[in-house]
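# Inside the fold
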Amino acid sequence: MAKKSGEVVAGFDLLLEAEKIEPRSVCVIVGDGGFLQHEIRRALVRRILAGAEDGAPDLLDGEIVELRDVMDALCELSLFGGERRVVVVEGADDFVSEHRAALEDYVAAPREDAVLILEVSTWPSNTRLAKAVAESGLTIKCQTPTGGRELTEFMRQLKDWLIAVAR
């Protein structure tokens, strides 16, 4: 469970015990399973906006969105005030590649009243951006395992999550 920065959280940990996860100003959901990423995003947004009556994230398409649109969305003030802004860039692989330097600058000094969530399929840990997010942000891993012990653990966690959802 991520209690301090620099840790990678398993997606099912967030789904099963979201209250133990402390969202950061920059969160990255990395994985290849669209449905699992979607459910993790829903749980994360619910955790971030807990108590906000009319809060909803801004969903932006990473294939067509411009950096200025993301930054504008992060800076917008809510008409009703109070809650944190949540901006989700879906399919953000190309967006991250094109705007890596600007994202590194943002991660170094993020807005405290906003959360940027990047949904990517790959997140190489040796990049400056990944290292910056590891220091001050939150990385949530939801890769589908291909076999062995990882697959067995994944199936156990999937079963536990399905039971929790059914309750």
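Report follows, based on the coordinates. (Residues numbered from 1 in each chain as written. Predicted model: local features only at pLDDT ≥ 70, side-chain atom pairs only at ≥ 80, totals over all residues. Heavy atoms only, no water.)

## Section: the overall build of the protein
Helices and strands together make up the secondary structure of the protein, namely seven helices and six strands. Each helix (α) and strand (β) of the protein, taken in turn from the N terminus, gives the series β-α-β-α-β-α-β-α-α-β-α-β-α. Scored against the burial criterion, the 167 residues of the protein give a buried share of 41%. Contacts spanning at least 24 positions in sequence make up 77% of the contacts within the protein whose residues lie at least 6 apart. (Helix = DSSP H or I, 4+ residues; strand = E, 2+ residues; numbered from the N terminus. Buried < 20%, exposed > 50% of the residue type's maximum accessible area, 1.4 Å probe, protein only. Contact = heavy atoms within 4.5 Å.)

## Focus: the sheet that holds strand 4 (residues 85-90)
Backbone-to-backbone hydrogen bonds pair the strands of a sheet. The strands run either parallel or antiparallel. Spatial strand order, 1-6-2-5-4-3: six strands in an open sheet with parallel pairing. The open sheet is flanked by strand 1 (8-10) and strand 3 (58-61), the only strands paired with a single partner. Strand-to-strand, the axes of this sheet are offset by a mean angle of 20°, without reference to chain direction. The pairing of strand 4 with strand 5 (residues 114-120) spans five bridges and is classified as parallel. Residue pairing across strands places V86 opposite V115, the latter belonging to strand 5. (Pairing = 2+ DSSP bridges. Axes fitted to C-alpha atoms, helices over the stretch in contact; angles between N-to-C directions.)

## Quick notes on the environment of P145
With respect to the helices, strands and loops of the structure, P145 is situated in the loop between strand 6 (138-141) and helix 7 (148-166). With a relative accessible area of 15%, P145 lands in the buried category. Expressed as a C-alpha distance, the spacing of P145 and D32, which sit 113 residues apart in the sequence, is 9.8 Å. Residues in contact with P145, not counting those within four places in the same chain, are E150, L151 and F154.

## Details of helix 7
Every α-helix winds through 3.6 residues per turn, so residues three or four apart in the chain are directed the same way. Taking 1.5 Å of rise per residue, 19 residues should cover 27 Å, and helix 7 covers 27 Å from first to last C-alpha, within 8% of that figure. Of all the residues in helix 7, the buried ones are F154, Q157 and W161. Considered in projection along helix 7, the buried side chains sweep an arc of 70° and stay on one side of the axis. When the buried face of helix 7 is taken as reference, the exposed residues oriented beyond 90 degrees from it are G148, R149, T152 and A166. Buried residues in helix 7 make contact with helix 1 (11-16) and helix 2 (34-48). (Expected span 1.5 Å × (residues − 1). Arc of directions from axis to C-beta.)

## Observations regarding the pattern of salt bridges
If you walk through the whole model with that rule in mind, you get eight salt bridges. As a salt-bridge pair, R41 and E119 come within 2.6 Å of each other at their nearest N and O atoms. Within this pair, whereas R41 is found in helix 2, its partner E119 is found in strand 5, the two being separated by 78 residues in sequence. Neither residue differs from the other here; R41 and E119 are each classed as buried. Among the salt bridges present, the one from E104 reaches R128, with a minimum N-O distance of 3.5 Å. (Salt bridge = Lys/Arg side-chain N within 4 Å of Asp/Glu carboxyl O.)

## As for a negative patch on the surface
Judged by side-chain charge, D61, E63, E66, D69, D72, D94 and E98 come together as a negatively charged surface patch. Mapped onto the negative patch, the elements with two or more residues apiece are helix 3 (67-75) and helix 4 (93-98). In this structure, D94 sits in helix 4. With relative accessibility at 46%, the residue D94 sits in the partly exposed group. (Patch = residues over 30% accessible without salt bridge, like charges linked within 9 Å, V, L, I, M, F, W, Y side chains within 5 Å. Areas by Shrake-Rupley, 256 points an atom, 1.4 Å probe, with all protein chains shown as cover. Lys, Arg positive; Asp, Glu negative; His and termini not counted. Charge placed at Lys NZ, Arg CZ, Asp CG, Glu CD.)

## Here we look at helix 5 (residues 100-108)
Here helix 5 has its buried residues at L103, E104, Y106 and V107. Viewed along the axis of helix 5, the buried residues span an arc of 165°, placing them on a single side of the element. Residues A101, D105 and A108 are exposed on helix 5 and point more than 90 degrees away from its buried face. Residues of helix 5 that are buried sit in contact with strand 2 (26-30), helix 3, helix 4, strand 5 and helix 6 (128-136).

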